[in-house]
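# A closer look at the structure
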Amino acid sequence: MGIQWRFLHQSDSTNSEIVRSLVDNPSEGLTVVADSQTDGRGRRGRSWHSEPGTGIYLSTLIRPNLLPEQLPILTLMAGLATVIAVNDLIPQSAKLKWPNDLLLNGKKIAGILCEYHPSTTKNHAVIIGIGINVNHTYFPSDIKNTATSLKLECGENIDRTSLIKRLITQLDFEYSELKNNRLQGLIDNWTHHTDLLGKTITITQNNQSIIAKAKHLDSIGRLVIEDESGQEIALDSGEVSIREK
Ligand code: BTN
């Protein structure tokens, strides 16, 4: 896709920048990067810590020709592109946690927020928002036990521009794979970058938690779990935490 870049010193939220620009009916490839966000948004109404000079806060617009039930695959696609781009620059291996997190040494280093906006004139819009904790050296107390940064884990500064370039190149590649119907390849590759499968997890959906074993991803990217009665269930959303042995 042709990229049209917008670089901002500060934004409320790079996803919101793209939402506002939808009135002008932009083509796919519109990409907004901000040095900081004042109202960075995470999943489930959470905020995303977005201090200046340290992280990557990036949103990009695509207009995929997918059915609504196929949309969750886009979160996996964005996560896969992010883990590949990050792992190119660090000695360790970050891992994907279904559906939208990147973990390094068990703590969160990146998250994906995909938002869907129907359109009457063009293919529906999907905004892919990616936040990466790059050079942070501290986090607020509410997330300091669960979040980390590439710098904290690797001990050195990471060049944000190089990471943005790799991220967009990889995202472009994964999106073309998806458009060429290489869905199974994407799922296999995602599976290669996770250590979730085979583990006992707690999965929370609609305020209810169950303990289950993570088995595999199905052909549309749902997480198949086996509950305590041995029944297999395919989940299309939910919050996963890995249980310590
Ligand atoms: C999550 O893990 O909850 C998703 C976090 C997504 C954060 C990114 S930062 C760039 C884009 N703009 C936002 O407001 N959110 C996403």
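To be clear, the structure that these remarks concern was listed above.
Residues numbered from 1 in each chain as written. Predicted model: local features only at pLDDT ≥ 70, side-chain atom pairs only at ≥ 80, totals over all residues. Heavy atoms only, no water.

What follows concerns the sheet that holds strand β8 (residues 200-205). Strand order in this open sheet of five strands is β11-β10-β9-β8-β12, and the pairing throughout is antiparallel. In the strand order of this sheet, the two ends are held by β11 (232-235) and β12 (239-242), each with one partner. For this sheet, the mean inter-axis angle between neighbouring strands, taken without regard to orientation, is 45 degrees. One ladder, built from five bridges, connects strand β9 (residues 208-217) with strand β10 (residues 223-227); its direction is antiparallel. (Pairing = 2+ DSSP bridges. Helix = DSSP H or I, 4+ residues; strand = E, 2+ residues; numbered from the N terminus. Axes fitted to C-alpha atoms, helices over the stretch in contact; angles between N-to-C directions.)

Formed by 53 residues in total, the largest nonpolar core has its most connected members in M77, V86, W98, I132, L150 and L223. The greatest single-element share of this core, amounting to 11 residues, is contributed by helix α2 (residues 72-87). The contact partners of V86, leaving out residues within four places of it in the chain, are A94, L102, I109, I132, L150 and L163. I18, V32, L61 and A125 belong to the second-largest nonpolar core, a separate cluster that totals seven residues. (Core = buried A, V, L, I, M, F, W, Y, C linked by side-chain atoms within 4.5 Å. Buried < 20%, exposed > 50% of the residue type's maximum accessible area, 1.4 Å probe, protein only. Contact = heavy atoms within 4.5 Å.)

Close to the ligand lie 21 residues, the nearest being S13, Q37, R41, R43 and K108. Between the ligand and the protein, one listed contact pairs a nitrogen atom with a side-chain N or O atom of Q37 at 3.0 Å. Within the backbone of R43, a nitrogen or oxygen atom sits 2.7 Å from an oxygen atom of the ligand. Look at the ligand: alone it shows 420 Å² of surface, and the protein chains cover 98% of it. (Near = heavy atom within 4 Å. Polar contact = N/O pair within 3.5 Å; in protein donor to acceptor, adjacent residues only side chain to side chain. Areas by Shrake-Rupley, 256 points an atom, 1.4 Å probe, with all protein chains shown as cover.)

Let us look at helix α4 (residues 160-179). Since one α-helical turn is 3.6 residues long, residues separated by three or four positions face the same way. In a regular helix each residue adds 1.5 Å, so 20 residues correspond to 28 Å; α4 covers 28 Å between its end C-alpha atoms and thus fits that length. Looking at α4, one finds that the buried residues are L163, I164, L167, I168, Q170, L171, E174, Y175, E177 and L178. Note on α4: the residue one or two positions beyond its end, N181, has a positive phi of about 65 degrees. (Expected span 1.5 Å × (residues − 1).)

It is the contact of α2 with α4, at a shortest axis distance of 8 Å, that shows an interaxial angle of 140 degrees. With respect to α4, the axis of α2 lies oblique. When the axes of α2 and α4 are compared, the crossing they make is right-handed. Contacts from I73, L74, M77, A78, L80, A81, T82, I84, A85 and V86 in α2 reach L163, R166, L167, Q170, L171, E174, Y175 and L178 in α4. Class assignment for the residues of the contact of α2 with α4 results in 14 nonpolar, two polar and two charged. (Parallel < 35°, antiparallel > 145°, perpendicular 65-115°, else oblique. Left-handed = near helix turned anticlockwise from the far one by under 90°. Nonpolar A, V, L, I, M, F, W, Y, C, P; charged D, E, K, R; others polar.)

The strand order β1-β2-β3-β7-β6-β5-β4 describes an open sheet built from seven strands, whose pairing is mixed. Two strands bound the open sheet, and with one partner strand each, they are β1 (4-11) and β4 (95-97). Neighbouring strand axes in the sheet, compared pairwise and without regard to direction, differ in orientation by 20 degrees on average.

Viewed as axis vectors pointing N to C, α2 and helix α5 (residues 183-192) meet at an angle of 55 degrees, and their least axial separation amounts to 10 Å. Judged by the angle between their axes, α2 and α5 are oblique. As for how α2 packs across α5, the hand of that crossing is left-handed. Along its contact with α2, which presents I73, L76, M77, L80 and I84, the element α5 presents L183, L186, I187, N189 and W190.

Rolling a probe over the atoms, with the probe sized like a water molecule, indicates the empty space that remains. Counted as a void, the second largest pocket has a volume near 360 Å³. Forming the boundary of the second largest pocket are 21 residues, of which R43, L71, P72, T75 and C114 lie nearest the centre. At the level of secondary structure, the elements contributing two or more residues to the lining of the second largest pocket comprise α2 and β6 (107-117). In terms of residue class, the lining of the second largest pocket is made up of 13 nonpolar, four polar and four charged. (1 Å grid on protein atoms, 1.4 Å probe; cavity = no way out; pocket = protein on both sides within 12 Å on 5 of 7 lines; lining within 4 Å. Points joined across faces, edges and corners; volume = space filled by probe spheres on them.)

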